[in-house]
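Chain residues, written in single-letter form:
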Amino acid sequence: KKTAAAAAAAEPVQIEDDRTGLSVETLKRAFADNLFYIQGKNADIATLNDYYMALAYTVRDRLLHRWLGTIKAQLKPKVKVVYYLSAEFLMGPHLGNNLINLGIYDQVRQAIQESGLNLDELIAQEEEPGLGNGGLGRLAACYLDSLAALEIPAIGYGLRYEFGIFDQEIRDGWQVEITDKWLRYGNPWEIARPEATVEVKLGGHTEAFVDGAGRYRVRWIPGRTIVGVPYDTPVLGFKNNTANTLRLWKAEAPESFDFQAFNLGDYYGAVNAKMYSENISKVLYPNDEPMQGRELRLEQQFFFVSCSLQDIIRRHLYVGGKLENLDKNAAIQLNDTHPSIGIAELMRLLVDEHNVDWDTAWQITQDTFAYTNHTLLPEALERWPLSLFGSLLPRHLEIIFEINRRFLQEVSAKFPGDTGRLARLSLIQEGPEKFVRMAHLASAGSHAINGVAALHSELLKRDVLRDFYELSPEKFSNKTNGVTPRRWIMLSNPELAFLISESIGDGWIKNLGELRELERFANDKEFQSRWRQIKLNNKTNLTEYIRKRTGLVVDPHSLFDIQVKRIHEYKRQHLNVLYIITLYNRLKQNPELEITPRTFIFGGKAAPGYFMAKLIIKLINSVAAVVNSDPDVRGRLKVVFLPDYNVTFGQRVYPAAELSEQISTAGKEASGTGNMKFSMNGALTIGTLDGANVEIREEAGEENFFLFGLTTEEVYALKARGYNPWDYYNGNPALRQVIDQLASGVFSPGEAHLFEPLVDHLIHRDEYLLLADYQSYVECQDRVGEAYRDQEHWTRMSILNSARMGKFSSDRAIREYCEDIWGAVAVDVALEEYVQATA
Ligand code: Z2T
């Protein structure tokens, strides 16, 4: 007679594993287990955050087979890996995105609901990793998403800042910065890999010697050593088996360090030195475009780049690669010049540490690196004083001199006698204080250089990198930015995603070009009304959030006119304000005036040391205070500044927008990516011919885009013949009234001079040509107001905008990088089997 146990063994029952099962029952059980065994809580005492953590671990368990499978599939001799080096990765919250990419959103929602909780509330618990300033960091995150979606082997390398971009509070209308303690409650998405720690040298001096083979060599005797500990976060592809890695380095003091001091009896000295080492990955520099030439910043850059290059070489050698073939297995992308010290560091590693001859090393380096430029603003181009650079990186300075010597020799051969050109191209800027020019190092040491929008790439060739273009035109190309439709449509705007999929199928998620099929619904009354209803729902949702955060009550039926981005003079938030005041004046002068009711919404952080940007925040809040409390304009005009704009808030804001403000001075915004997120979600754009706006308009059709302002050429021409803002002020009564009001304290009661610096700058210099573009902007905004009255037509334009944004998927951008620059192809991943460890 068989026992029950024997019967069970003969015929195994299908029981889902607690760590992989996807049925609602299993998910519920796994969630409860994690709450108990990882958080150490039960329902009696669990906080919302405990529930979030328990769910995060439940999801993490379910991605490990993909992650380990990916590592196995990609750590192979013939695989080419993309290494994306970036000082910033603005990933945004992981939980919701991982649910989408794993394709388990619905099951998890149900499991959480049946556990008596609400998934949205748990998702909202996550403290977003704000390891970036704005567009550049967010672009890196979208690119990692697309690399995984396309199954391209890739690792993102960066810094694990203990404090990311500051949290913004508004007090009395001014920005106040609060430390971002994002790791406070732990980070369930990362796994530390202390066994892969690397050492980084800093300071000290160099010594020449002759090695055993009679070769001239250089040895770097460092002043101090830091160790880098990697923390890995999985980056999932959309419904595939790929889970790439984001590897962020944390700086620590080497073990030996405290022993030395300890032996001398200097315990405090030892601890102090430890703190000094850990400073390197302590905090993200909160400046977006203008660079800040601080020593610690250079230390950060060199630290993460050196860690990453050592890691890349180790991986290459591990799979049996030869250093001469590094470029066959590795494509290293420099996200702006922040990691460009990598060019000198790879040369050092190859020549000094691996004994490769200079010419071979230089060839490998150039063939491996590629450089993306993100700005034309001269004040943002990185350059380091030679003295600072040499004291921190003495060996790298020598290497840069040698690169420069050979580089200028080549230039001379190509342009004999052209000394002006030599000076312009040199990696060293001469003068009373000498500098290392990082964009020149990046350009000389890379085989590919690109800008981030068509216009920007043209301007790069014409201005900032003109001489490099004349020297090596074949290196240059354009790679227009893109954003991921997974986070920026599916996750942010689920109702719209549902309507789209219902209408044209769900192929658009992986192939955004398919959105074109929506065009045939543009005139469909039924579809239009659903489209409008979804927008209204999203606006209502934002309205609720605005009320919670600011106490302001706004009308969801008013036109939602939104400008969210870093605060910067070139982005011209204050031009938007000039129009608001203009409208306000019209309403005051003519109380019966009928206008389209509008809600102006702003969000964005100012660099803490950027006085003018902070004053613009104060200006927006001051104008808001006057306008919002004036009964004469009630129901027609509202102004909101929403504090602490970040990825999480962006996810709420883009779906609720009807008008997207993209009003930078032509030639100043390299690309913009918010512009794409707005338009995909059905907002119309009011914008200049700047950055990617040009291409957005091209795709959407000029009749579906509100264009105003000078072109880049007109800006140059106007400045060349001598721009005088006074002429505009004197020639335009409405403008003059606005400026006079700002100058006389109408919007700063009791502080008449508050906005003087702003006004002074506008009427005397106006570097960003607000006054020149004012009239054109006002007229364009008036056309917007008119157009909004015809809701049917507006909705049609809105649908066409979304339908035609396929080009701006980061999948398209990544395909172009793979084909034109990286030579990277997809690699199949098999789920890793779970096998019990044996001794
Ligand atoms: C940044 O976000 C951008 C450029 C920078 O130049 C630095 C930072 Cl932190 C050094 C932005 C550009 O302003 C924006 O136009 C572009 O879309 C974005 O990078 C991504 O390319």
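Conventions and cut-offs
Residues numbered from 1 in each chain as written. Predicted model: local features only at pLDDT ≥ 70, side-chain atom pairs only at ≥ 80, totals over all residues. Heavy atoms only, no water. Helix = DSSP H or I, 4+ residues; strand = E, 2+ residues; numbered from the N terminus. Rg over C-alpha atoms; globule rule 2.2 N^0.38 Å. Buried < 20%, exposed > 50% of the residue type's maximum accessible area, 1.4 Å probe, protein only. Contact = heavy atoms within 4.5 Å. Areas by Shrake-Rupley, 256 points an atom, 1.4 Å probe, with all protein chains shown as cover. Phe/Tyr/Trp six-rings, centres within 6.5 Å; stacked < 30°, edge-to-face > 60°. Lys NZ or Arg CZ within 6 Å of the ring centre and 35° of its normal. Domains from an automatic or database assignment. Buried area = accessible area lost by both parts, 1.4 Å probe. Salt bridge = Lys/Arg side-chain N within 4 Å of Asp/Glu carboxyl O. Polar contact = N/O pair within 3.5 Å; in protein donor to acceptor, adjacent residues only side chain to side chain. Nonpolar A, V, L, I, M, F, W, Y, C, P; charged D, E, K, R; others polar. Pairing = 2+ DSSP bridges. Near = heavy atom within 4 Å. Axes fitted to C-alpha atoms, helices over the stretch in contact; angles between N-to-C directions. Patch = residues over 30% accessible without salt bridge, like charges linked within 9 Å, V, L, I, M, F, W, Y side chains within 5 Å. Expected span 1.5 Å × (residues − 1).

**Description of the overall build of the protein**
Phase 1 of the analysis: In terms of helices and strands, the protein carries 35 helices and 23 strands.
Phase 2 of the analysis: Compactness check: the protein gives a C-alpha radius of gyration of 28 Å against a globular reference of 28 Å for 839 residues, within 12% of the reference.
Phase 3 of the analysis: Viewed in the frame of its principal axes, the protein has a C-alpha envelope of about 100 × 90 × 60 Å.
Phase 4 of the analysis: For the protein, with 839 residues in total, the buried portion stands at 60%.
Phase 5 of the analysis: Across the protein, contacts joining residues at least 24 apart in sequence account for 77% of those joining residues at least 6 apart.
Phase 6 of the analysis: Entry remark: accessible area of the protein is about 33000 Å², with carbon and sulfur atoms responsible for 52%.

**Points about the packing of aromatic side chains**
Phase 1 of the analysis: Taken as a whole, this structure holds 24 aromatic pairs when the rule is applied.
Phase 2 of the analysis: The interplanar angle of 25 degrees and the centroid separation of 6.1 Å between the aromatic rings of Phe706 and Trp794 together place this pair among those described as stacked. Taken together, the positions of Phe706 in strand β23 (residues 706-707) and Trp794 in helix α34 (residues 791-803) put the pair 88 residues apart, joining distant regions of the chain. For the pair Phe706 and Trp794, a shared accessibility class is recorded, and that class is buried.
Phase 3 of the analysis: Ring centres of Phe708 and Tyr777 lie 4.9 Å apart, and the angle between their planes is 50 degrees; on these two criteria the pair is classed as tilted. Residue Phe708 is found in the loop between β23 and α29 (712-720), and its partner Tyr777 is found in helix α33 (residues 770-789); the two are separated by 69 residues along the sequence.
Phase 4 of the analysis: Assessed through its relative accessible area of 0%, Tyr777 is described here as buried.
Phase 5 of the analysis: Connected via pairs of aromatic rings, a cluster forms that spans Tyr84, Tyr143, Tyr817 and Trp822.
Phase 6 of the analysis: The ring of Tyr231 has Arg160 sitting right over it, with the charged end atom 3.9 Å from the ring centre.
Phase 7 of the analysis: The ring of Trp488 carries Lys677 above its face, with NZ or CZ at 4.4 Å from the centroid.

**Side note on the domain arrangement of the protein**
Phase 1 of the analysis: Taken domain by domain, the protein consists of domain 1 (15-76 + 96-126), domain 2 (77-93 + 128-479) and domain 3 (485-820).
Phase 2 of the analysis: A C-alpha centroid distance of 35 Å is found between domain 1 and domain 2.
Phase 3 of the analysis: For the domain 1 and domain 2 pair, buried surface summed over both sides reaches about 2500 Å², with 61% attributable to carbon and sulfur atoms.
Phase 4 of the analysis: Interface area lost by domain 1 to domain 2 is led by Trp67, Gln74 and Asn101, which between them contribute 29%.
Phase 5 of the analysis: The tally of links from domain 1 across to domain 2 stands at zero salt bridges.
Phase 6 of the analysis: Linking domain 1 with domain 2 are 13 residue pairs in polar contact (both at pLDDT 80 or more), by the criterion used here.
Phase 7 of the analysis: Among the secondary structure elements, those contributing two or more residues to the side of domain 1 that touches domain 2 are α3 (48-61), α4 (64-74) and α5 (95-102).
Phase 8 of the analysis: Take the side of domain 1 that touches domain 2: its biggest share by element is seven residues, from α3.
Phase 9 of the analysis: Partitioning the side of domain 1 that touches domain 2 into residue classes produces eleven nonpolar, seven polar and four charged.

**A look at the pairing of strand β2 (residues 154-159)**
Phase 1 of the analysis: With six of its six residues buried, β2 lies for the most part within the structure.
Phase 2 of the analysis: Where strand β1 (residues 81-85) lies against β2, four bridges are found, and the strand directions are parallel. From the neighbouring strand, Leu85 faces β2, where its bridge partner is Tyr157.
Phase 3 of the analysis: Here β2 runs beside strand β10 (residues 243-252); their pairing, made up of five bridges, is parallel. Bridge pairing in β10 places Gly158 opposite Leu248.

**Digging into the site of the ligand**
Phase 1 of the analysis: Around the ligand there are 17 residues in total, and Glu289, His374, Asn481, Glu669 and Gly672 lie nearest to it.
Phase 2 of the analysis: Glu289 is positioned with one of its side-chain polar atoms (N or O) 2.3 Å from an oxygen atom of the ligand.
Phase 3 of the analysis: Here an oxygen atom of the ligand sits 2.7 Å away from a polar atom, N or O, in the main chain of Gly672.
Phase 4 of the analysis: Protein coverage of the free-state accessible area of the ligand, which is 480 Å², stands at 97%.
Phase 5 of the analysis: Grouping the constituent residues of the shell around the ligand by class yields five nonpolar, eight polar and four charged.
Phase 6 of the analysis: Shared between two domains, the shell around the ligand takes at least three residues from each, and those domains are domain 2 (77-93 + 128-479) and domain 3 (485-820).

**Describing the sheet that holds strand β18 (residues 559-564)**
Phase 1 of the analysis: The parallel open sheet is built from six strands, whose spatial order is β20-β19-β18-β21-β22-β23. Each of the sheet's edge strands pairs with one partner strand only, and the pair in question is β20 (637-641) and β23.
Phase 2 of the analysis: Taken together, the two bridges between β18 and strand β21 (residues 659-662) define a ladder with parallel strand orientation. Bridge pairing in β21 links Ile562 to Ser660.
Phase 3 of the analysis: Most of the contacts of helix α24 (residues 573-589) go to strand β19 (residues 598-603), to which it runs at about 155 degrees, and overall it touches β18, β19, β20 and β21.
Phase 4 of the analysis: Against the sheet, α34 engages β18, β21, β22 (684-687) and β23, with an angle of about 85 degrees to β22.

**Notes on a nonpolar patch on the surface**
Phase 1 of the analysis: Where nonpolar side chains cluster on the molecular surface, the patch consists of Tyr267, Tyr268, Val271 and Met275 and spans about 480 Å² of accessible area.
Phase 2 of the analysis: With respect to the helices, strands and loops of the structure, Val271 is situated in helix α10 (residues 267-278).
Phase 3 of the analysis: Accessibility expressed as a relative area gives 31% for Val271, which makes it partly exposed.

**As for the sheet that holds strand β13 (residues 383-385)**
Phase 1 of the analysis: If you trace the three strands from one edge of the open sheet to the other, you get β13-β15-β14, paired in antiparallel fashion. Both edges of this open sheet fall to β13 and β14 (428-429), since each of them pairs with a single strand only.
Phase 2 of the analysis: Sheet analysis places β14 next to strand β15 (residues 435-437), joined by two bridges and oriented antiparallel. Within β15, the position partnered with Ile428 by the bridge is Val436.

**Here we look at helix α23 (residues 525-550)**
Phase 1 of the analysis: Taking 1.5 Å per residue, 26 residues should reach 38 Å; α23 reaches 36 Å between its end C-alpha atoms and fits that length.
Phase 2 of the analysis: Where α23 is concerned, the buried positions are Phe527, Gln528, Trp531, Ile534, Lys535, Asn538, Lys539, Leu542, Thr543, Tyr545 and Ile546.
Phase 3 of the analysis: Put simply, Asp524 is the residue that caps the front of α23, since its side-chain oxygen is 3.0 Å from the backbone nitrogen of Glu526.

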